[in-house]
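Residues per chain, in single letters:
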Amino acid sequence: ATPTALMVGSGLGAENGILIRKGEAIQRMKDVNAIVLDKTGTITKGKPTVTDVISFGETKDADLLKWAASVENNSEHPLARAVVNYASEKDIKPAEVSGFESITGKGVYAELDGKKVGVGTPSLMEKLGTKISSNVSSQKQQLEEKAKTAVLVSFDGEIAGLLGIADEVKEDSKQAIDELKKLGLKTIMLTGDNQKTARAIADQVGIDEVIAEVLPDQKSNEVKRLQDSGEVVAMVGDGINDAPALTLADVGIAIGTGTDVAIESGDIVLVKGDLSAVIRSINLSKKTFTKIK
Ligand code: ADP
Ligand code: MG
């Protein structure tokens, strides 16, 4: 690109809430044919809230919340904050735990009054040696079909309950996805969340393909796989778990409401955090770098 073209691009970008950190990226944007979008914080608002509390056996809802919040109080994960906030709204204060452990992409566990409490996925429960009955599985699936993340809570080796956690899609996500598809781009959602919840959210916004249950350190491998199959890939993310994928993509697009690390890993930053700015960057790229014949 000529310096003039880049300057024009940056100026127009700024007017449209698009911060261009690497000129080559906005130039490359017009060649992108696959766009990978992180789910949490990119397609959804990234502000999960507890919507369902389901306790099993003798467990009371208040106990379930107390156990879950006590462990989650030690985690920075958005789901953890949702649990702690919800408990607090119900006047349930977290208790002190010991031996807290966090397993990336799976959940957390700790000891409370000498009893082990786990909060997370089936894979975490397997690690803790806690069995999941078919009744628990089917209630979990019902939450997931409603686009909720279902978090299992175990107490002393048994599943004590389930928490349904919802993260609404952003107002403009569906329209942005529609327009990306009209421009001929393949749309792919990438998430650590489970397959069913991911599919339900993807259906709400019209995403073509879902890659779910991806551990944080595997997200960039998925971008690589697409590139190896010949796609020019743009990745949109908020930097929580996806910074390496943003760096590896042909064009890394950081959602501006995300973390500092996202902004540092992004070639382009969408200042206002709205997905429709992705369309504006593609149009900007075409306008700036397609020669007038
Ligand atoms: P995402 O791609 O949505 O950011 P993560 O990779 O952070 O997801 O987590 C994947 C899944 O692991 C979550 O959907 C959740 O089921 C589980 N998980 C991770 N951390 C926690 C936590 N602190 N509490 C409960 N569940 C968790
Ligand atoms: Mg994430």
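Calculation notes
- Numbering of residues starts from 1 in every chain and runs along the sequence as written.
- Lettering of chains starts at A and numbering of ligands starts at 1, both following the order in which they are written.
- For this predicted model, a pLDDT threshold of at least 70 governs which residues receive local features, and a threshold of 80 or more governs which side-chain atom pairs are given and counted, while totals over whole chains, interfaces and linings are taken from all residues.
- Derived side-chain values reflect all non-hydrogen atoms in the structure, with water molecules and hydrogen atoms excluded from consideration.
- Working definition of a nonpolar core: buried Ala, Val, Leu, Ile, Met, Phe, Trp, Tyr and Cys residues. They are joined through side-chain atoms within 4.5 Å.
- Using a 1.4 Å probe on the protein chains alone, a residue whose accessible area is under 20% of its type maximum counts as buried, one over 50% counts as exposed, and one in between counts as partly exposed.
- Put simply, DSSP H or I for four residues or longer makes a helix, DSSP E for two residues or longer makes a strand, and each gets a number counted from the N terminus.
- When checking whether two residues touch, look at their non-hydrogen atoms; a contact exists if any pair is within 4.5 Å.
- Note on terminology: near, applied to a residue and a molecule or strand, indicates that one of the residue's heavy atoms is within 4 Å of it.
- We call two N or O atoms a polar contact when they sit within 3.5 Å, provided that within protein one can donate a hydrogen and the other can accept it, with sequence-adjacent residues counted only if both atoms are side-chain atoms.
- Per-residue and other accessible areas follow the Shrake-Rupley method at a 1.4 Å probe size, with only the shown protein chains counted as cover for residues.
- Handedness of a crossover is defined as follows: orient the strands so they point away from the viewer, and if the path from the first strand over the helix to the second runs clockwise, the crossover is right-handed.
- What makes two strands pair is DSSP finding at least two bridges between them.
- To estimate the expected span of a helix, count its residues, drop one, and scale the result by 1.5 Å.
- The predictor's confidence in any single residue is recorded as pLDDT, a number from 0 to 100.
- Any carboxyl oxygen of Asp or Glu within 4 Å of a side-chain nitrogen of Lys or Arg constitutes a salt bridge here.
- Here, axes are lines fitted to C-alpha atoms. For helices the fit covers the stretch in contact, and angles between N-to-C directions go from 0 to 180 degrees.
- If an angle is under 35 degrees, it is roughly parallel; if it is over 145, roughly antiparallel; if it lies from 65 to 115, roughly perpendicular; otherwise it is oblique.
- It is the rotation of the near helix from the far one that decides the hand of a crossing: anticlockwise by less than a right angle makes it left-handed, clockwise makes it right-handed.
- Residues are grouped as follows: Ala, Val, Leu, Ile, Met, Phe, Trp, Tyr, Cys and Pro are nonpolar; Asp, Glu, Lys and Arg are charged; all remaining types, including Gly, are polar.

### Digging into the nonpolar core
- Ile-253, Ile-268 and Val-278 are the most contacted members of the largest nonpolar core, which totals 38 residues.
- Take this core: its biggest share by element is six residues, from helix 13 (residues 276–289).
- Residues within four places of Ile-253 in sequence aside, it is in contact with Met-29, Ala-234, Met-235, Val-236, Gly-237, Leu-246, Ile-268, Leu-270 and Val-278.
- Counting 23 residues, the second-largest nonpolar core is a separate cluster that includes Ala-68, Val-71, Val-97 and Val-119.

### Here's the deal with the site of ligand 1
- Near ligand 1 lie 20 residues; those nearest to it are Thr-40, Glu-72, His-77, Gly-105 and Gly-192.
- Side-chain polar atom of His-77 to an oxygen atom of ligand 1: 2.7 Å apart, as the coordinates give it.
- Between Thr-191 and ligand 1, the recorded distance is 3.5 Å, taken from a side-chain N or O atom to an oxygen atom.
- Bound to the protein, ligand 1 loses 93% of the 560 Å² it would expose on its own.

### Observations concerning unusual backbone geometry
- A positive phi angle, close to 60°, is found at Asp-91, a residue other than glycine.
- Mapped onto the elements of the fold, Asp-91 is located in the loop between helix 5 (78–89) and strand 4 (98–103).
- Backbone geometry places Asp-113, a non-glycine residue, at a positive phi of 50°.
- Mapped onto the elements of the fold, Asp-113 is located in the loop between strand 5 (107–112) and strand 6 (115–120).
- The exposure class of Asp-113 is exposed, given its relative accessible area of 73%.

### Quick word on the pairing of strand 12 (residues 251–255)
- Summarising burial for strand 12: five of the five residues are buried, a large majority.
- Residues of strand 12 alternate between two faces, with Val-251, Ile-253 and Ile-255 on one and Gly-252 and Ala-254 on the opposite face, all of them buried.
- Chirality of the crossover, the property in question, places the unit of strand 11 (residues 233–237), helix 11 (residues 243–248) and strand 12 among those that are right-handed.
- Of the pairings in the sheet, the one linking strand 12 to strand 13 (residues 268–270) comprises three bridges and is parallel in character. Considered in strand 13, the bridge of Ile-253 is made with Ile-268.

### Thoughts on helix 4 (residues 61–72)
- The end-to-end C-alpha separation of helix 4 is 16 Å, in line with the 16 Å expected for 12 residues at 1.5 Å each.
- All of the buried residues in helix 4 are Leu-64, Leu-65, Trp-67, Ala-68, Ala-69, Ser-70, Val-71 and Glu-72.

### Section: the confidence of the model for the protein chain
- In this model, the protein chain carries a mean pLDDT of 91, and residues with pLDDT of at least 70 account for 92%.
- Scoring of the predicted complex yields 0.88 for pTM and 0.95 for ipTM.

### Overview of the pattern of salt bridges
- By the definition in use, this model includes 17 salt bridges.
- A salt bridge links Asp-31 to Arg-28; its shortest N-O distance comes to 3.9 Å.
- What makes Arg-28 partly exposed here is its relative accessible area of 34%.
- A salt bridge links Lys-186 to Glu-231; its shortest N-O distance comes to 3.1 Å. In this pair, Lys-186 is assigned in strand 9 (residues 186–190) and Glu-231 in the loop between helix 10 (219–228) and strand 11, connecting sequence segments 45 residues apart.
- You can call Glu-231 buried: its relative accessible area is 17%.
- Residues joined in a network through salt bridges with shared partners are Arg-28, Lys-30, Asp-31 and Asp-250.

### A closer look at the packing of helix 4 against helix 5
- Look at helix 4 against helix 5: their axes get within 9 Å of each other, and the N-to-C directions meet at 130°. Here helix 4 lies oblique to helix 5, going by the angle between them. Helix 5 is crossed by helix 4, and the crossing has left-handed handedness. Along the contact surface, helix 4 presents Leu-65, Ala-68, Ala-69 and Glu-72, while helix 5 presents Ala-80, Val-83, Val-84, Tyr-86 and Ala-87.
- Its residues placed into classes, the contact of helix 4 with helix 5 shows eight nonpolar, no polar and one charged.

### Focus: the sheet that holds strand 5
- Sheet architecture is open: six strands sit in the order 3-8-7-6-5-4, paired in antiparallel fashion. Of all strands in the sheet, those bounded by a partner on one side alone are strand 3 (49–55) and strand 4. The average angle at which neighbouring strand axes cross in this sheet is 15°, direction not considered.
- As defined by bridge partners, strand 3 adjoins strand 8 (residues 158–166) across six bridges and the pair is classed as antiparallel.

### With respect to the packing of helix 7 (residues 134–145) against helix 9 (residues 195–205)
- At a closest axis distance of 8 Å, the pairing of helix 7 and helix 9 adopts a crossing angle of 20°. As summarised for this structure, helix 7 and helix 9 are arranged roughly parallel, according to the angle between their axes. Viewed along their axes, helix 7 and helix 9 form a crossing whose handedness is right-handed. Residue-level inspection shows Gln-141, Glu-144 and Glu-145 of helix 7 in contact with helix 9, the latter providing Lys-196, Thr-197 and Ala-200.
- When the residues that make up the contact of helix 7 with helix 9 are grouped by side-chain class, the tally is one nonpolar, two polar and three charged.

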